[in-house]
Amino acid sequence: HLPRAGGWSPLTSDRYQWLQVDLGERTKITAVATQGRYGSSDWLTTYLLMFSDMGHNWKQYRQEDSIGSFSGNSNADSVVQYKLQQPAMARFLRLIPLDWNPSGRIGLRLEAYGCPYCEFCHLHGTDSSLWCFSEKCPFSFVSPLCSFVPGRTLSTETRHLASLGSLLDDQHWHHVTLELHSLHVNLTVDKLTKRNIFAPMQLSFGAVESLLQKTIISSRNFHGCLENLQFNGLNLLELAKVNDHRVAAVGNLTFSCVEPNSVAVTFSDPHSFLQLPWATASSSEGASVEFQFRTWNKAGLLLTFDLPQQGGVVWFYLSEARLKLHIQKGEKVLLELSAGSALSDGQWHSVELNSRRGHLSISVDKEEGGSAQASPSFPVAVESQLFFGGCPTEDRQESKDHLDTFYGCMRSITLDTNIVDLILVQQRQLGNYSNLQIDMCGIIDRCSPSRCEHGGCCSQSWTNFHCNCSDSGYSGATCHSSVHEPSCEAYKHNGNTSGYFYIDVDGSGPIKPQLVYCNMTETDTWMILQHNNTELTRIRPSPGVDQLSVHFGYLSEEEQLLTAISQSEHCEQELSYHCRKSRLHNTSEGSPFSWWLGGPGSGRVHTHWGGAHPDSQQCSCGLQGDCVDPQLFCNCDADGTEWSEDSGLLTHKESLPVRALVLGDVQRPGSEAAYRVGPVHCYGDKNFWNAASFDKQTSYLHFPTFHGELSADISFLFKTTTSSGVFLENLGIKDFIRIELSSSTWVVFSFDVGNGPLEVKVESRVPLDDGRWHRVRAERNIKEASLQLDDLPVATQQAPTDGHVHLQLNSQLFIGGTASRQGGFRGCIRSLKLNGATLDLEERAKITPGVRPGCPGHCSSYGPLCQNQGRCVEKPSGFSCDCSSSAYTGIFCQTELSGSFKAGTSIRYSFKDPYEWSRNSSHLPSSIYSDSTPRGENISLSFRTTQSPALLLYISSFYRGHVALLINKHGELWQILQRERDVIFVSFSKLLATTVSVISFFQVDQNARENFNLTSDGEFNAIKSLVLGRVYESDDLDPHLTRVASLGFTGCLSVVQFNSINPLKAALLHPDSSPVVITGPLAQSNCGSPASANPYTMETTHHLSDQSDSVGSGQPLVNAFRTDSALIGGTEAFLSLLPVLSFLFQPFLLSKSSTLPFICQI
């Protein structure tokens, strides 16, 4: 307990009181303790601490660099002690009450803890310097100037080596340490450090001096005080006092520190203002006002006053960081002036306003920052009062409507050459004020150190800071979270196809994103890491050089490269050596002629070659036993005169990538060689599929304490069939962090860093207990907390501006449960990352009861990625799309298969005889073989052509029937259905059928799908063949159709599908399969894709597609598609012939009762 005395209690209890302690000398203050007034109800609940060396120019002490206030007592007897995180060096301590017991008064007993601290010298600036040859040189300084730059002094040139620190001109002591290592320096200013700065051996203090010319560059000399100047344990100030030869002191140097007597005032509240009387007799003739200010805000009211005799109001303010003068009377603007720029940089700027004899001028920084003049027709003078920074409450509305509140500091206020004594203002003996901090400048540099991560650009206002994350590759309030995926595998599962992508292998970690090519095949997703030479390169020996060294430079940085390789499931790199009389091994003593270096850093020596085991000193042929010389282990070791090759893949990840080749046997006469080192190919992401299944609510995994003091991001995927459960929890003494599923539609991110619990919630539009994967991203930094669920908008919660910022945890990290073993999670958690580092859930689950490694079942979530009738297939780690029943190909069955047709091109796809099929009824249909008697016909295709007439598709029957899809000479699309003597002819401009028995649906391009009726009592079945392009067997065709069939088709056909058969796909990918016969030229191309269309031609692509979920109105089809041009185009058309009568499964029947005339111009 503090001494049992009454304590301090001021007469008036308000926020303008303070208790000041003189410690007698500069002291290193390490702690303070408070207690209420003895035997009373008087105690403080919150207070501020101020420090000073001279009893003025106070500096507020802040905890965690942000919290300005200290929590006090809850009664009069208990002692509350605070150990200062950073000791304060000061002689004077001032405590300012903020809040106290509402049932009592301000009451306090105070104790401070510390030890003496001294030693300083004063440099006068114009001709003073102190220099030494230094290895380690710590010292402190105080100065009214804003920079201290150790200079290079071995030449007449001065170079800027580094800059560090901020607001160093605050007339407070700042600690500096220089550590010299060879020619590099580590520079520390207060708590900030820059390392490995190139610098000379000789350093000077106070001035930049040249040993060659003995001149001093006075314009850059230091004005202020230095103290505690140490050199490897030697006190240089003590040596300078006694003129020790090891230290040279030049100029006017005194060993005391007299600080300038400048009083500042801080405007830190929206209600702050300073009111001063204008007491000059000559006020009617003009006015002169000078002051200095500093701020981070670009806007704010600096000064306002009324002109005499209600002549108007003068507004002197900042706007867009420029100084502006605005004189207004009522609604009328009498005068406007502006000067200066970039005045919101936090530095002191001087301002002058002068009005004399009809001339008005304003200037910034003694006109160096700009000035403006005017000659108003009215006198500019002060009526009675001036208001700085704001207006009193009764005038607040007028001031507020015009301008923003000023947040910042002012000093050196001069009214008509009379300096205003602000201490008298503080003592209520002059003017008036509200919510001001007098005799201190409370400016804080929130961008030093910058809280913007990953190169984000920091800007600030008086109360906050902002991070510009543009072009950084990161997002969030502090540019903490990566906007890129960690692997090609992750991009694939977002629905992306092959291409260049930025991947960020450690998420929010320090490794930068890298650009790689992702080759997404139907089986694996490959990441390709390139280097500077992947071509086959001929070796050109140099005379007198026994060995040739070749080094490879990779486009990715070292950490990017190694991390990408280590996180992949499999990596490989091609290594090929082509030789003629150039051996790899086969030396008499057994040492190799050539080797390669691979792995981290510069690489380790390896003597095995592509396709062989590590350390085997063999090649691929030696492992397989098929070398040219069976007695040797490499083809090139046979030393033959014919070209030979040793090639293969290096698959041992620890030896990748290949850094260099050292080739030795290349100098002999007749020796020739070439090499190729391919790019690194990797597939799989071990982290992306790392998962654990939690079987019970009492099950959990535990990991070491999560360290995310200032910034933390957590991301994972989960799936469950339960409506609630805790995903993650980590506790501290008071702090905690937790993410949970609170209900079937709500995810909650909660935490406490000392400011009380905060929650961020996101509600899902669909139930989350649906057994599908859902993604959670949570982030907490000193500005805000955010939570995102799947692709829903991000929810945020702002952090207090001056609150606690450090998250202090000490328990184990619980995954899938809690420390109390209640409310745990049942389901799967996958790809859990904390600050970019993946937790190995599977490895921990192997040794934890109630938790299983891995989590099967991915098609429920990723199945929709499989397009165009592709089927999702489960894999142990992921899924794949089976495109065998689709006319498309690609990883998601999204790639059109297109063929370029010439006039003679024909693809004939043969079906089995129906009787042969019935004899082998156990044979299942596939995309290659199909039943010739289907229940209905679904045809889809895309085409692009300039030909008319043209035959697109022809289907024949064993019973002489056929279906033809063609374009007539007018560019109209026609369908012809013929069954023996029955002919049904349909165009998209007219319909000739009138009797309903078969229904057909058409959709062309993006036109609405329509249906129409075909006359028939039977079926079209017993299909014999399907032909694309020219029909060579046309004996049974109508003469008009025969002529069109002989012309074939010239153009592009794409994604042709007939029921489950994909004839074009079979022809392009399986041309040797038995059902397919190709005649004439056929080339696979991308002619069917929209990107291949030439916008400068009249040729367009048309598509015929199935929209089976939408049935038309049943009305006849009229004018669904027509063009007067012979140039054809479109998107996709769908034809469906659906038998609807009772003889669906009967052989082909023919009704002769309904016959339609065949009227067609072809």
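Residues numbered from 1 in each chain as written. Predicted model: local features only at pLDDT ≥ 70, side-chain atom pairs only at ≥ 80, totals over all residues. Heavy atoms only, no water.

By the naming in an unreviewed UniProt entry, the protein chain goes by Contactin associated protein like 3 and is assigned to Nothobranchius furzeri. Looking at the protein chain in UniProt, the text filed under Subcellular location (unreviewed entry) is "Membrane". Word for word, the UniProt comment on the protein chain under Sequence similarities (unreviewed entry) is "Belongs to the neurexin family." (UniProt positions renumbered as here; feature names shortened; annotations may be inferred.)

The next subject is the overall build of the protein chain. Across its full length, the protein chain carries eleven helices and 79 strands. With 1162 residues in all, the protein chain has 54% of them scored as buried. Pairs at least 24 apart in sequence give 71% of the contacts found in the protein chain among residues at least 6 apart. Counting every atom, the protein chain has about 51500 Å² of accessible surface; 49% of that belongs to carbon and sulfur. (Helix = DSSP H or I, 4+ residues; strand = E, 2+ residues; numbered from the N terminus. Buried < 20%, exposed > 50% of the residue type's maximum accessible area, 1.4 Å probe, protein only. Contact = heavy atoms within 4.5 Å. Areas by Shrake-Rupley, 256 points an atom, 1.4 Å probe, with all protein chains shown as cover.)

Pairing is antiparallel in the open sheet, where seven strands are placed in the order 25-24-23-22-29-20-32. Taken across any chain shown, the strands that pair with only one partner, and hence form the sheet edges, are strand 25 (332–339) and strand 32 (432–434). With direction set aside, neighbouring strand axes in the sheet form an average angle of 15 degrees. As judged from the seven bridges shared by strand 24 (residues 322–329) and strand 25, these two strands associate in the antiparallel manner. Each bridged residue has a counterpart across the sheet, and for Leu325 the counterpart in strand 25 is Leu337. (Pairing = 2+ DSSP bridges. Axes fitted to C-alpha atoms, helices over the stretch in contact; angles between N-to-C directions.)

Moving on, we come to unusual backbone geometry. Here the bond from Ser448 into Pro449 is cis, since omega is 0 degrees, no more than 30 degrees from zero. The amide bond that connects Leu656 to the next residue, Pro657, takes the cis arrangement and shows omega of 0 degrees. Tracing the backbone shows Pro657 in the loop between strand 46 (644–650) and strand 47 (658–663). One non-glycine residue, Asn243, adopts positive backbone phi at about 55 degrees. Here Asn243 shows up in the loop between helix 1 (236–241) and strand 17 (248–250).

Among the structural elements, Leu1069 can be located in helix 11 (residues 1063–1069). Measuring from C-alpha to C-alpha, the distance between Leu1069 and Leu897 comes to 9.3 Å, with 172 residues separating the pair along the chain. When residues no more than four places from it in sequence are discounted, the contact partners of Leu1069 are Leu897 and Gln1084.

Once that is clear, we can look at the pairing of strand 28 (residues 370–374). Every other side chain in a regular strand lies on the same face of the sheet, so the side chains alternate between the two faces. Of the two faces of strand 28, the one holding Gly370, Ala372 and Ala374 is buried and the one holding Ser371 and Gln373 is not buried anywhere. Where strand 27 (residues 359–364) and strand 28 come together, five bridges link them in antiparallel fashion. Pairing of Leu360 across the sheet is with Ala374, part of strand 28.

Before going further, it helps to examine the sheet that holds strand 44 (residues 595–598). Spatial strand order, 42-47-44-45: four strands in an open sheet with antiparallel pairing. Two strands close off the open sheet at either side, each with one partner strand: strand 42 (548–551) and strand 45 (604–606). If you compare each strand with its neighbour and ignore which way they point, the axes differ by 20 degrees on average. Looking at chain direction, strand 44 and strand 47 are connected through four bridges and run antiparallel. Each residue of the ladder has a partner; that of Gly598, found in strand 47, is Val658.

A few words now on the state of the cysteines. Counted according to the given criterion, the structure contains 13 disulfides. Residue pairing for Cys409: its cysteine sulfur links by disulfide to Cys441, the two sulfurs lying 2.1 Å apart. On the sign convention where negative means left-handed, the S-S torsion of about 90 degrees between Cys409 and Cys441 marks this disulfide as right-handed. With Cys409 in strand 30 (residues 408–415) and Cys441 in the loop between strand 33 (436–438) and strand 34 (457–460), the pair connects residues that are 32 residues apart, well separated along the chain. Between the sulfur atoms of Cys469 and its disulfide mate Cys479 the distance is 2.1 Å. Linking Cys469 and Cys479, the disulfide has an S-S dihedral of approximately -90 degrees and is accordingly described as left-handed. One end of the pair, Cys469, is in the loop between strand 35 (465–468) and strand 36 (474–475); the other, Cys479, is in the loop between strand 36 and strand 37 (481–482), with ten residues separating them in the sequence. Just as Cys469 is buried, Cys479 falls in that class too. Residue Cys457 stays outside any disulfide, its sulfur separated by 7.3 Å from that of Cys452, the closest cysteine. (Disulfide = S-S within 2.5 Å.)

Okay, the confidence of the model for the protein chain next. Per-residue confidence for the protein chain gives a mean pLDDT of 81, with 80% of residues at or over 70. Contacts of residues 1095–1162 to residues separated by more than four positions or lying in other chains number 211 contacts, the stretch itself having pLDDT below 50. (pLDDT = per-residue confidence, 0-100.)

In total, this model carries 26 aromatic pairs according to the counting rule given. An angle of 40 degrees between the planes, with centres 5.4 Å apart, marks the rings of Phe749 and Phe751 as tilted. Neither residue differs from the other here; Phe749 and Phe751 are each classed as buried. Taking NZ or CZ as reference, Lys492 lies 5.5 Å from the ring centre of Phe879, over its face. (Phe/Tyr/Trp six-rings, centres within 6.5 Å; stacked < 30°, edge-to-face > 60°. Lys NZ or Arg CZ within 6 Å of the ring centre and 35° of its normal.)

What helix 10 (residues 1039–1047) keeps buried is the set Leu1041, Val1044 and Ala1045. In a view along the axis of helix 10, the buried residues occupy a sector of 100 degrees, so they form one face of it. Where helix 10 terminates, the next one or two residues include Gly1048, which has phi positive at roughly 70 degrees. (Arc of directions from axis to C-beta.)

Residues Tyr577, Leu661 and Phe879 are the most contacted members of the largest nonpolar core, which totals 61 residues. Considering each element in turn, this core owes the most residues, five residues, to strand 48 (residues 672–683). Excluding residues that lie within four positions of it along the chain, Leu661 makes contacts with Leu548, Ser549, Val550, Phe552, Leu575, Trp595, Trp596, Trp609, Tyr675 and Val677. By size, the runner-up hydrophobic cluster in this structure holds 45 residues, among which are Leu323, Ile362, Ala374 and Ile413. (Core = buried A, V, L, I, M, F, W, Y, C linked by side-chain atoms within 4.5 Å.)

Moving on: the pattern of salt bridges. Oppositely charged side chains can form a pair if their charged atoms are brought close together. The tally for this structure, following the rule as stated, stands at 24 salt bridges. In this structure, the salt-bridge partner of Asp99 is Arg15, at a minimum N-O distance of 3.3 Å. Of this pair, Asp99 sits in strand 5 (residues 80–100) while Arg15 sits in the segment before strand 1 (19–35), and the two are 84 residues apart along the sequence. Residue classification places Asp99 among the partly exposed positions, given a relative accessible area of 33%. (Salt bridge = Lys/Arg side-chain N within 4 Å of Asp/Glu carboxyl O.)

Mapped onto the elements of the fold, Ser711 is located in the loop between strand 50 (701–703) and strand 51 (712–719). For Ser711, a relative accessible area of 16% puts it in the buried group. For Ser711, the side chain forms a polar contact with the side chain of Glu453, separated by 3.1 Å. Residues within four places of Ser711 in sequence aside, it is in contact with Glu453, His480, Arg780, Asn781 and Asn835. (Polar contact = N/O pair within 3.5 Å; in protein donor to acceptor, adjacent residues only side chain to side chain.)

This next bit is on helix 5 (residues 558–567). When we look at burial in helix 5, the residues that qualify are Gln560, Leu561, Thr563, Ala564, Ile565 and Gln567. Where helix 5 is buried, its residues touch strand 39 (514–520), strand 40 (525–529), strand 43 (570–580), strand 47 and strand 48.

Among the eleven residues in strand 43, nine count as buried, and that is most of the element. Across ten bridges, strand 43 lies against strand 48 in antiparallel orientation. Paired with Leu575 across the strands is Val677, a residue of strand 48. Note that strand 43 and strand 46 share seven bridges and pair antiparallel. Across the sheet, residue Leu575 finds its bridge partner in strand 46, namely Gly648.

Turning next to the side chain of His608. Tracing the sequence through the fold places His608 in the loop between strand 45 and helix 6 (620–624). If we skip the residues at most four places from it in the chain, His608 touches Trp596, His613, Pro614, Asp615, Ser616, Gln617, Gln618 and Leu650.

Positionally, Leu865 belongs in the loop between helix 8 (859–862) and strand 63 (871–875). Distance in space between the C-alpha atoms of Leu865 and Ile891 is 9.2 Å, their sequence separation being 26 residues. The contact partners of Leu865, leaving out residues within four places of it in the chain, are Lys492, His493, Gly495, Phe879, Cys881 and Phe892.

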